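Structure assessment
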Amino acid sequence: MTLLYVGIMSVAVFWSDIKELFTGNEEAQKIAIVNETSADFSEIFVSNEDIKYVQDETNIKDLEKKVKDEKLAAIITISDEKGQLHAEIATFTPLKLNDQSTISSLLQYAGKNYAVQQLALSPEQAAQIMDAQTVISNKNLNEKTIGGKSEEEKQSGLVVSYAVGILIYFFISTFLSMITTEIASEKGSRAMEMLLVSVKPATHFKAKIAGVLLLALTQMGIIAVVFLIYAKFVKDGAVWDMAAGIVKELSVGYVIYAVVFLLLTIILYLIIGALFGSLVSKVEEAGQVLMPAIIITMMGFYVMLSGMGNPDTIFIKIFSYIPLTSGMVMPMRIGATDVGVMVPLISLGILIATIIVAYVFSLSFYKRSVLTYSTGGVIQKIKTVLKVTT
Amino acid sequence: MTLQLQHVTKKYKDFTAVNDLNFTIEKGEIFGLIGQNGAGKTTTFRMILDLQETTAGTITWDGKAVNIINRDVLGYLPEERGIFPTMKVEDQLYFFGELRGMKKAELKKEIDFWINRFELEERRKDKAETLSKGNQQKVQLIASFIHKPQFLILDEPFSGLDPVNKDLLKDAILLLKEQGTTILFSSHQMDNVEELCDHLCLLKRGVSLFSGSLLDLKKQYGKIKLAVRTDWSTTQLLTLEGVKDVRVEKEQTVLTLENESFAQSIFDQLSNGKYIEKFSLDYLTLDEIFKDKVGGNIVEV
């Protein structure tokens, strides 16, 4: 499992190299630019590794033949029509979507540029128009809260929260099913009774949770170390700089919250997983009792996904307080919206309280359920346990 | 070092699994708990092992309540066979030994000894799930006492074993007894109980029908089983005074007497002063007593 995570991370880090492996043999597309205007666009259409621009060609017939022979990918004819730039893209086989959108945006830019040139402005004036952008800054009139986040901060908060949410979701489902099947298989293979003579059920319960939690921490540790090694030493620390930038943008507080929520949520799910595992009679039934918990994690996950579009809905606010889903939803609220200090603390408090209650309840219930073998659905199983042990 | 159950009762909502059970097991003794399925044997074991709470009554080991003693003095072979399917035989035994606080070095000696004794040498490195059922049972049995418990509970240890392995197990139980282990076991194969037990407790639907020494139980009935080889017909035999029942078996006829004292006169009438091939008066077997006690009605006392 850890290997899988490390593998996925490696793919992410080395993506550009891997992509090259698959697409590297492909030569850059050659595109001819036929400029019928007096303006100079050579600074706009600059060749790169994907597209090579052939400038200043005039013989259209010759070029068209080359396109048909597939020596050229396209001919872009730029002309002036009533002071507006007009561009015609002639191809034999349609351009790839990526290339097409690159060219489109370049042409848009060229069009703007052309219009500015027509106005015969001074280079400074022209530059001012071309670089024109509205600078937006936020001012918070509510003195009780700290200054609001900028659009950029929110955006990167959203992206990171998405990544963190997915991570939490994966961790939860992995360790939830791990602890449930683990206990179910011990119970199913009847090794449980042998074990419970040696250690008390309460000890077994705590040991299972501690064991899986330690495994989770080890796994996260390995992933973190591999990530750091990659970040520091691959591609001259480019990934490191990027990560450092993101963390800086998000504030250290966010990172701490995300980690705390991740750990606490895992603990809560482990307690639930252990309890459910103790209900089944054989390992084949583990899936059946896992279902409700999995559905809840999925609910949290999809609520978080919905937050990608708009993280300020009432829906998200509600789910960010529900203990089983807050681990996925709350970090997104912290990262991508303006929340006060109290909101995450309240959510965290609810989560911790739930863990304590769940722990105390599970501990006493586990003792009773772990040696009770019953059939039927989850509710039926719980009923049987209550019936035969009271 | 005695185990004592006093007025132990286990009640569930709508039925009583064990009702007012009392018995004492002395150190180094083999004690049999016998009863039909559902008689409350496993519940009793679980209460002794503190896996289930008692509704009423006390269970003490060496004067201390069982829920506060160090669990390493206990060993348990559950009725349901279960070991870790994917663990190697040897690892399994090390695991259970270490779980009981034993060191690897001392464990090795024990494991070598028992693996050899139960003829598992060749399967030592095999995964448990690849073993036959009987062999798995032997591994589980070793696992239950690898830590040399002072008190060992065996729930139906003989079920599923062939005669050769049964003998291996019997010898092992006797060896453990020699080493001072107190053993409590259940079985519904009475011949095993008869051979091994010093004392026993007969359970029927959670109620103890008898608790004490095997001999005392037999004496309750007296020597009323008379096996003879004779030409007399069943009808003729039934007319004899003190004969309650006659059963013809392959090589003999078995009479059930009202009591021991009728034997002399029956002998006189059957032999008529002459040589007689077989005339054997004995106690009932535990099997017969069991059937009588728990439901069958061969004899009534």
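Residues numbered from 1 in each chain as written. Chains lettered and ligands numbered in written order. Predicted model: local features only at pLDDT ≥ 70, side-chain atom pairs only at ≥ 80, totals over all residues.

**Here we look at the sheet that holds strand 1 (residues 29–35) of chain A**
Residue and element names in this part refer to chain A.
- As summarised here, the arrangement of the four strands in space is 2-1-3-4, forming an open sheet in which the pairing is mixed. Single-partner strands in this sheet number two, and they are strand 2 (51–54) and strand 4 (84–91). Sheet twist, expressed as the mean angle between neighbouring strand axes with direction ignored, is 25°.
- Along the sheet, helix 3 (residues 60–68) contacts strand 1, strand 3 (74–81) and strand 4; its crossing angle with strand 3, the most-contacted strand, is approximately 145°.
- Against the sheet, helix 4 (residues 97–118) contacts strand 1, strand 2 and strand 4, and its axis sits at roughly 155° relative to strand 4. (Pairing = 2+ DSSP bridges. Helix = DSSP H or I, 4+ residues; strand = E, 2+ residues; numbered from the N terminus. Axes fitted to C-alpha atoms, helices over the stretch in contact; angles between N-to-C directions. Contact = placed C-beta atoms within 7 Å.)

**Quick look at the confidence of the model for chain A**
- The predicted model of chain A has a mean per-residue pLDDT of 81, with 93% of residues at 70 or higher.
- Looking over chain A, one finds the lowest element-wise mean pLDDT in helix 2 (residues 15–23) of chain A, namely 70, and the highest in helix 14 (residues 342–369) of chain A, namely 91. (pLDDT = per-residue confidence, 0-100.)

**Section: the interface of chain B and chain A**
- Taken together, the 18 residues of chain B in the interface contact 13 residues of chain A.
- For the side of chain B that touches chain A, the secondary structure elements donating two or more residues are strand 6 (74–77) and helix 2 (89–99) of chain B.
- Its residues assigned to classes, the side of chain B that touches chain A comprises twelve nonpolar, one polar and five charged. (Nonpolar A, V, L, I, M, F, W, Y, C, P; charged D, E, K, R; others polar.)

**Digging into the packing of helix 4 of chain A against helix 5 (residues 123–130) of chain A**
All names here are of chain A.
- Remark: helix 4 packs on helix 5, axes separated minimally by 10 Å, with the N-to-C direction vectors making an angle of 145°. As helix 4 runs across helix 5, the sense of the crossing is right-handed. Here helix 4 contributes Lys112, Asn113 and Val116 to the contact with helix 5, which in turn contributes Ala126, Ile129 and Met130.
- Taken together, the residues of the contact of helix 4 with helix 5 sort by class into four nonpolar, one polar and one charged. (Left-handed = near helix turned anticlockwise from the far one by under 90°.)

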